[in-house]
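Structure at a glance
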Amino acid sequence: MASDGCRTIYPAGFKNLGEWSWESEEVPADWKMANVVPVFKKGKMEDPRNYRPVSLTSVLYKVKEKIILGVTEKHLKDKTVIRHSQHGFMRRKSCLSNLICFYDKVTHLADQGKPADVILRDFNKAVYIVSHRILLDKMSSPQLDKHLMWWVSNWFTGQAQRVVVNGVTSDW
């Protein structure tokens, strides 16, 4: 693979860069680069807490990511690796569907005169601090395609981000 300064050039014999990346299990370096920009949510624009960081990455990578997500979800569903009770990060399930399910179980116990102990935890930031090695180990447990595992592992290696605010960028 080579680069002409603007785009990645892949070897002859491949229809496109995505095909080359998948077959070679290599992720082009420019797919691993992301600009993090602040996006306004609500409230006063002067308050930095009213912005959320959004990571802008390569469009080609985003397309490949969607394909991998679809393949992974299908595998996990077909092999019944994920329980029906799982709501987070599942299609057609949300925090609301999880709360409704939870509320149904608690009210059912209350109707039977049984106690219900509840412990609430906020793992909101856990996704940002989880080790890539642990994530890869978890992904390999349901025997996902080894080709997929190598590709995801390669993508984790050498990632870089920089912050962009009002046209000013930080270092990578």
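Along each chain, the written sequence defines residue order, and numbers are assigned to residues from 1. Confidence filtering applies because this is a predicted model: local features only for residues at pLDDT of at least 70, side-chain atom pairs given and counted only at 80 or more, and all residues used for totals across whole chains, interfaces and linings. No hydrogens and no water enter the side-chain calculation; it runs on all heavy atoms of the structure.

1. Regarding the overall build of the protein
Runs of H or I in DSSP of at least four residues are treated as helices and runs of E of at least two as strands, each being numbered from the N terminus. Each helix and strand in the protein was counted, giving six helices and six strands. Mapped from its N terminus to its C terminus, the protein presents α and β elements in the order β-β-α-β-β-α-α-α-α-α-β-β. Considering the protein as a whole, with its 172 residues, one finds that 20% of them fall into the buried category. The criterion used for residue contact is that any of the two residues' heavy atoms lie within 4.5 Å. Nonlocal contacts in the protein, meaning residues at least 24 apart in sequence, comprise 42% of its contacts between residues at least 6 apart. Calculation of accessible area relied on Shrake-Rupley with a 1.4 Å probe; when residues are assessed, cover is drawn exclusively from the protein chains displayed. Accessible surface computed for the protein: about 13600 Å², of which carbon and sulfur atoms make up 59%. For every residue, the accessible area (1.4 Å probe, protein chains only) is compared with the maximum for its type, and the residue is labelled buried under 20%, exposed over 50%, or partly exposed between those bounds.

2. Points about the pairing of strand β3 (residues 33-40)
Here, strands pair whenever DSSP counts at least two bridges between them. With four bridges connecting them, β3 and strand β5 (residues 160-165) associate as parallel partners. Looking across to β5, one finds that Met33 is bridged to Ala160.

3. A closer look at a nonpolar patch on the surface
Nonpolar side chains collect at one region of the surface, where Val59, Val63, Ile67 and Val71 lie side by side and expose about 380 Å² of accessible area between them. Looking at the secondary structure, you find Ile67 in helix α2 (residues 59-78). The residues that make up patches have over 30% relative accessible area and no salt bridge, and they are joined within 9 Å when like-charged or within 5 Å when they are Val, Leu, Ile, Met, Phe, Trp or Tyr. Salt bridges are identified by distance alone: a Lys or Arg side-chain nitrogen within 4 Å of an Asp or Glu carboxyl oxygen.

4. Topic: the packing of helix α1 (residues 17-24) against helix α6 (residues 146-156)
Two elements in contact, α1 and α6, have axes separated by 8 Å at closest approach and are oriented at 105°. On the basis of their axis angle, the class for α1 and α6 is roughly perpendicular. Between α1 and α6, the contacting residues are Ser21, Trp22 and Glu23 on the first element and His147, Leu148 and Trp151 on the second. Along the lines of polarity and charge, the residues of the contact of α1 with α6 split into three nonpolar, two polar and one charged. The convention used is that axes are lines fitted to C-alpha atoms, helices contributing only their stretch in contact, and that angles between N-to-C directions extend from 0 to 180 degrees. Roughly parallel refers to an angle under 35 degrees, roughly antiparallel to one over 145, roughly perpendicular to one between 65 and 115, and oblique to any angle outside these ranges. Following the grouping adopted for this structure description, the nonpolar residues are Ala, Val, Leu, Ile, Met, Phe, Trp, Tyr, Cys and Pro, the charged ones are Asp, Glu, Lys and Arg, and the polar ones are all others, Gly among them.

5. Quick notes on the pattern of salt bridges
A full pass over the atoms with the stated rule returns one salt bridge. Notably, a salt bridge pairs Asp47 with Arg49, separated by 3.1 Å at the nearest N-O pair.

6. Things to note about the nonpolar core
In these notes, a set of buried Ala, Val, Leu, Ile, Met, Phe, Trp, Tyr and Cys residues joined through side-chain atoms within 4.5 Å is what counts as a nonpolar core. Counting 14 residues, the largest nonpolar core has Trp31, Leu136, Trp151, Val152 and Trp155 as the members making the most contacts within it. At the level of secondary structure, the elements contributing two or more residues to this core comprise α1, α2, α5 (132-140) and α6. A per-element tally of this core places α6 first, with six residues. Contact partners of Val152, with chain neighbours within four places excluded, come to Leu136 and Met139.

7. A closer look at α1
For α1, the complete set of buried residues consists of Leu17, Gly18, Trp20 and Ser21. The buried residues of α1 occupy one face: seen down the axis, they fall within an arc of 165°. At the exit of α1 stands Glu25, carrying a positive phi of roughly 60°. As used here, the arc is the angular range of directions from the helix axis to the C-beta atoms.

8. Let's talk about the pairing of β5
Relative to strand β6 (residues 168-169), β5 runs antiparallel, the two sharing two bridges. Residue pairing in the sheet places Val165 in a bridge with Val168 of β6. The turn linking β5 back onto β6 is made up of two residues, and Asn166 within it adopts a positive phi angle of 55°.

9. Examining the packing of α2 against α6
Where α2 meets α6, the axes come as close as 12 Å, and the angle between the chain directions of the two elements is 140°. In this view, α2 runs oblique relative to α6, as classed from their interaxial angle. In the crossing of α2 with α6, the sense of the turn from one axis to the other is left-handed. Across the interface between the two elements, Tyr61, Lys64, Ile68 and Thr72 of α2 pack against Leu148, Trp151 and Trp155 of α6. Taken together, the residues that form the contact of α2 with α6 break down as five nonpolar, one polar and one charged. Less than a right angle of anticlockwise turn of the near helix away from the far helix marks a crossing as left-handed, whereas a clockwise turn marks it as right-handed.

On their own, these measurements won't tell you what the molecule is for.
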